Amino acid sequence: MSTKKVTKIGVLTSGGDAPGMNAAIRAVVRTGLYNDLEVYGIMRGYAGMIENDIIRMESRSVANIIQRGGTILKTARSKEFMEPEGRAIAYENLKQFGIDGLVVIGGDGSFRGAQKFSNEFDIPCIGIPGTIDRDMAGTDYTIGFDTAVNTAVEAIDKIRDTMDAHDRLFIVEVMGRDAGYIALHSGIATGAENILIPETKTDIEDLIRSLCEKEKRKKLVNLVVVAEGGEYGDANKLAEIIKERIPTADTRVCILGHIQRGGSPTCQDRLIASHMGYYAVESLLLGRRNIMVGVLNNKIQYTPFNDTIKEKHQRIGQEWMRIVKILAS
Ligand code: F6P
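Right, let's walk through the structure included here. All values reported here derive from a predicted model rather than from experimental measurement. (Residues numbered from 1 in each chain as written. Predicted model: local features only at pLDDT ≥ 70, side-chain atom pairs only at ≥ 80, totals over all residues. Heavy atoms only, no water.)

## Notes on the overall build of the chain
Here's step 1: Along the chain, the regular secondary structure elements total ten helices and eleven strands.
Here's step 2: Over its C-alpha trace the chain gives a radius of gyration of 22 Å, about what one expects of a compact globule, namely 20 Å for 329 residues.
Here's step 3: For the chain, the spread of C-alpha atoms along the principal axes amounts to about 70 × 35 × 35 Å.
Here's step 4: Looking at the chain as a whole, 56% of its 329 residues qualify as buried.
Here's step 5: Side chains of the chain carry 42 positive and 43 negative charges; the gap between the two charge centres is 2 Å. (Helix = DSSP H or I, 4+ residues; strand = E, 2+ residues; numbered from the N terminus. Rg over C-alpha atoms; globule rule 2.2 N^0.38 Å. Buried < 20%, exposed > 50% of the residue type's maximum accessible area, 1.4 Å probe, protein only. Lys, Arg positive; Asp, Glu negative; His and termini not counted. Charge placed at Lys NZ, Arg CZ, Asp CG, Glu CD.)

## As for a negative patch on the surface
Here's step 1: Together, D157, D161, D164 and D167 make up a negatively charged patch on the protein surface.
Here's step 2: Relative to the elements of secondary structure, D157 occurs in helix α5 (residues 145-166).
Here's step 3: Its relative accessible area of 37% is what places D157 among the partly exposed residues. (Patch = residues over 30% accessible without salt bridge, like charges linked within 9 Å, V, L, I, M, F, W, Y side chains within 5 Å. Areas by Shrake-Rupley, 256 points an atom, 1.4 Å probe, with all protein chains shown as cover. Salt bridge = Lys/Arg side-chain N within 4 Å of Asp/Glu carboxyl O.)

## Some thoughts on the site of the ligand
Here's step 1: In the region of the ligand, the neighbouring residues are R77, I132, D133, M175, G176, R177, E228, H258 and R261.
Here's step 2: Contact distances for the ligand include 2.5 Å between an oxygen atom and a side-chain N or O atom of R77.
Here's step 3: One nitrogen or oxygen atom from the main chain of G176 is found 3.2 Å from an oxygen atom belonging to the ligand.
Here's step 4: Isolated, the ligand exposes 400 Å² of accessible area, and the fraction of that covered by the protein chains is 76%.
Here's step 5: Residue composition of the shell around the ligand, by class: two nonpolar, two polar and five charged.
Here's step 6: Taken together, domain 1 (8-144 + 265-310) and domain 2 (146-261) each give at least three residues to the shell around the ligand, which thus spans both. (Near = heavy atom within 4 Å. Polar contact = N/O pair within 3.5 Å; in protein donor to acceptor, adjacent residues only side chain to side chain. Nonpolar A, V, L, I, M, F, W, Y, C, P; charged D, E, K, R; others polar. Domains from an automatic or database assignment.)

## Side note on the packing of aromatic side chains
Here's step 1: Under the criterion given, the structure shown has seven aromatic pairs.
Here's step 2: Ring geometry for F81 and F117: centres 5.6 Å apart, planes at 40 degrees, overall tilted. Taken as a pair, F81 in the loop between β3 (54-57) and α3 (84-97) and F117 in helix α4 (residues 108-121) lie far apart in primary sequence, 36 residues in all. Summarising the burial analysis for this pair, F81 and F117 share the class buried.
Here's step 3: An aromatic cluster is built from Y46, F81, Y91, F117 and F121, whose rings are joined through pairwise contacts.
Here's step 4: Positioned above the aromatic ring of Y181, the side-chain terminus of R134 is 4.4 Å from the ring centre. (Phe/Tyr/Trp six-rings, centres within 6.5 Å; stacked < 30°, edge-to-face > 60°. Lys NZ or Arg CZ within 6 Å of the ring centre and 35° of its normal.)

Structure representation (structure tokens):
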């Protein structure tokens, strides 16, 4: 807790963009203004802090953005901010504006930067989890996940139509650098026969066996959803293996890619983002620092930055894989 009262706050988005970030920015700006704070938007994350690309935000600056994907503040991954020299320049720029509190919307890498900055320069920072990957500890939701997974489901449903018409085997690659949540959720929701994720070891022989067995049963439509970050995350490579081992299967690949990051946020993402934005500003007003606002068991929870890192997030349990197998049998 800090006893210094914040008067001017900055808000930034950092790392990969996620649908719903605009709703969070809007909530931060409007809650800040309601509490008589001056609010500044920092462009392109920490890069804009170093380059002094900082703008005053008014209520109308965030009008008509709640429904838009991307981020009006733009985003970046800044190498300079990882160095003490970069952070010192950023601090000098904030000082010029009198900014004495920060809201950082991003993933655990962004929070690591915020923590260092806060410890070095005594600026309280509050994090809002914004990543489509949902790979953070201390929260059941991250902004953008719900939209991304719904985008993936819509796309896979369409693939299923053409897959079924041709009796094909499809490998669909979804995003998720270190986490399989998008693959797991979209795969279960679309009735995938197999889901390959970074959290669990893939037994390729078992996969081939199950596909061959389905071929024998004349179950010719097979959907395999893979997370890009998994052992077989390169869907094209996996397709090569399958083509070699099951030459009779008519195999195709579809990599969904960045369409999962764009588009209008779902109602859930807008709500969570609005909620978190409000509590982030309230946290600064109450003197909290270096914590992330999250939602656990439908309640707002505050988790120290140190405990939000990916490595600590709940891993997807093996029982999910059992369920996938049973439901696809
Ligand atoms: O972290 C979000 C994410 O979309 C990952 O799922 C993906 O691996 C990565 O970002 C892609 O990053 P970039 O847009 O920089 O290629």
